[in-house]
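In case you want the letters, here they are:
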Amino acid sequence: MPETTARTSERPDKKLHKVGRRHHDYRLKPDGPAEWSRVRVPFTRRHWLKWRGVYNPRNLARERILADKMPLWWTLGLGGLVVVTPFLPNPMINVAAIFCMFAAINVLWTLIIGTAGIFSLATLAVVGMAGYAAAAANVYLGLPWPLMFLVGPLVGFAIGGILALPSTRLDGLYYALLTMGVAEICRIFVTQLRALAPMNGSINKVGSFIPEDWFLQREGLLLGFAGAFLLLLAALLVFRLVNSERLGLLLRAAKMSREDEAFSEACGIDFRRARLYVFLISSAALGVCGAFYAMYYRSISPSVFSLDQLLLLFAMMVIGGLGRSEGAVLGAAIVIVIDKGLIELGPLRIILIAAIMLLVTVFAHEGLTGARQQFRNFRNRKKGERRALRTEKGGEVMPEEATEIADKQEIYYRRFNKRLRDELKTFITPELIEEHRQAPLGRHSDTLERVLNFFRRGDMPDKYAILRVDGAWDRFRIMALSGERGAPPRVVDDKEYASLSEAYHAVFLLRVNDLLES
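Model, not experiment: these values are computed from the prediction.

Basis of the calculations
Residues numbered from 1 in each chain as written. Predicted model: local features only at pLDDT ≥ 70, side-chain atom pairs only at ≥ 80, totals over all residues. Heavy atoms only, no water. Patch = residues over 30% accessible without salt bridge, like charges linked within 9 Å, V, L, I, M, F, W, Y side chains within 5 Å. Areas by Shrake-Rupley, 256 points an atom, 1.4 Å probe, with all protein chains shown as cover. Salt bridge = Lys/Arg side-chain N within 4 Å of Asp/Glu carboxyl O. Lys, Arg positive; Asp, Glu negative; His and termini not counted. Charge placed at Lys NZ, Arg CZ, Asp CG, Glu CD. Helix = DSSP H or I, 4+ residues; strand = E, 2+ residues; numbered from the N terminus. Pairing = 2+ DSSP bridges. Buried < 20%, exposed > 50% of the residue type's maximum accessible area, 1.4 Å probe, protein only. Axes fitted to C-alpha atoms, helices over the stretch in contact; angles between N-to-C directions. Left-handed = near helix turned anticlockwise from the far one by under 90°. Contact = heavy atoms within 4.5 Å. Nonpolar A, V, L, I, M, F, W, Y, C, P; charged D, E, K, R; others polar.

## Section: a positive patch on the surface
Positive charge collects at one region of the surface, where Arg 372, Arg 376, Arg 379 and Lys 383 lie side by side. Its location among the elements puts Arg 376 in helix α13 (residues 371-390).

## Details of the pairing of strand β5 (residues 62-68)
Residues in a regular strand project their side chains so that they alternate between the two faces of the sheet. Relative to β5, strand β3 (residues 27-28) runs antiparallel, the two sharing two bridges. Bridge assignment links Arg 27 to a residue of β5, and that residue is Ile 65. Taking the residues between adjacent antiparallel strands as the criterion, strand β4 (residues 50-55) and β5 are bridged by six residues, where Leu 60 takes a positive phi near 60°.

## Quick notes on the sheet that holds β3
One open sheet accounts for three strands, arranged β3-β5-β4; its pairing is antiparallel. Because the sheet does not close on itself, it has two edges, and the strands there are β3 and β4. Summarising the sheet, β4 and β5 pair through six bridges and their orientation is antiparallel. Bridging from a neighbouring strand, Gly 53 pairs with Arg 64 of β5.

## As for unusual backbone geometry
Keep in mind that most residues, glycine aside, have a negative phi and that most peptide bonds are trans. With a phi angle near 65°, Leu 216 is a residue other than glycine that sits in the positive phi range. Along the chain, the position of Leu 216 falls in the loop between β6 (203-204) and α6 (218-243). With a relative accessible area of 61%, Leu 216 lands in the exposed category. Although it is not a glycine, Arg 298 sits at a positive phi angle of roughly 60°. Structurally, the position occupied by Arg 298 is in the loop between α9 (271-297) and β7 (299-300). Assessed through its relative accessible area of 16%, Arg 298 is described here as buried.

## A closer look at the packing of helix α10 (residues 307-320) against helix α12 (residues 348-363)
One can describe the packing of α10 onto α12 by two numbers: an axis separation of 9 Å at closest approach and a directional angle of 35°. Along this stretch, α10 crosses α12, giving a crossing that reads as left-handed. Seen from α10, the contacting residues are Leu 312, Ala 315, Val 318 and Ile 319; seen from α12, they are Ile 353, Ile 356, Met 357, Val 360 and Thr 361. Residue composition of the contact of α10 with α12, by class: eight nonpolar, one polar and no charged.

## What to know about the sheet that holds strand β9 (residues 476-480)
A sheet is described by the order of its strands in space; here three strands give the open sequence β8-β9-β10, paired in antiparallel fashion. Each end of this open sheet is capped by a strand with a single partner; those strands are β8 (464-468) and β10 (490-491). Sheet topology places β9 next to β10; two bridges connect them, and they run antiparallel. Among the inter-strand pairings, Ala 480 is bridged to a residue of β10, identified as Arg 490. In the packing of helix α18 (residues 500-517) onto the sheet, contacts are made with β8 and β9, and the angle to β8 comes to roughly 155°.

Okay, structure coming up:
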């Protein structure tokens, strides 16, 4: 589409400034009056892709545009991962499976911290205890491995219920310290358990969906990746169902501050119960991740509770961005690739992750996923500064604003109004002001009449009016009308005038001052 230009003045020696170009959107043309069929996300009223029907302003033809491109990026990213992984070497297939597993845990943790607003550090405690319970049921009780996916969420739900009780009393740093202590208690409990003492707190030979003959072989690694990928898809589905539906909408009303919580309670929103529901649902889903963790490695050890793992999860959250599923997945990808894929770097991996965290914290306010919006805000601010430098105060129209005004008559009216103001400014002289002071009402000269007519046809907002004080005939004040129905006028100043002529002249001086400053 050709670029549009805006002329800053009618004189030909003025520079022409580029206004910009419209966004290039891919548009589909449906077949005539045929109805559209759109597939919805299971258990919701939302669609997988946010298509919107519009009419082309040039030819009035029906078109479809993709209003939200995020599902498309999800499809391309996850689809690319599925296509590329079978061609990777065995160590990188293992890295891809670990990425999917930790990305699923991180997405569910985002539900707790971002959506529910509960700063819990017991995520790995829930995963570890659910994994230990499922592994113990399989090894010591002979439970088949498919039923481990039932034991895991039940244990996760129970632990989540215990952890959710203090969240109604504690908040912020105090609750974070409490949950960190719970994770350490779980690690000590498992380590000192007598039944697990001969194996240093580990449970080995856990049943798995991966055949024993395929374990650590290419077939087993691909099967493990497939299971981890399905786990990630399930976590993303849970995030979508909770964050974008009723529970998420209720919690957004009380998410920002204490004032929002009070407002939500006044509106009848029980945000505390909604937080508990989100915490319990996330904990049950984390229990599924714990059972999968034990089956994927065919064992589980106290290292799952370690502070190192928790800090890596925290790094994923900081780098990707808090409160967004795409931030959780992107942060997990960066950290897992560095930590598991670059093992030859040794301890430098941790330093590299810390350096990335520092850079993201300094330059990106909301992680890497919020960098795009941050750059747009910065670009718009710079555009505004450049517009202010080349646009006069009280000018006809901003250059970028011209393309957004459908009725071009408004632009020409502003241009005429600007020219008229510039001409009337030359009429304001001490002689003109003295003429009005001597005779505010009645017949005036042609010059003064033109100025007064301009003042009289002004817009109603901020138009001056004279108020008679307490019904007295010798006390007047000046007020400014709001221009809104039901909104009272405001008093301009506390000065009172002894006659109506003085009040009229005071209003004239105020209008003259506004004209000269425009």
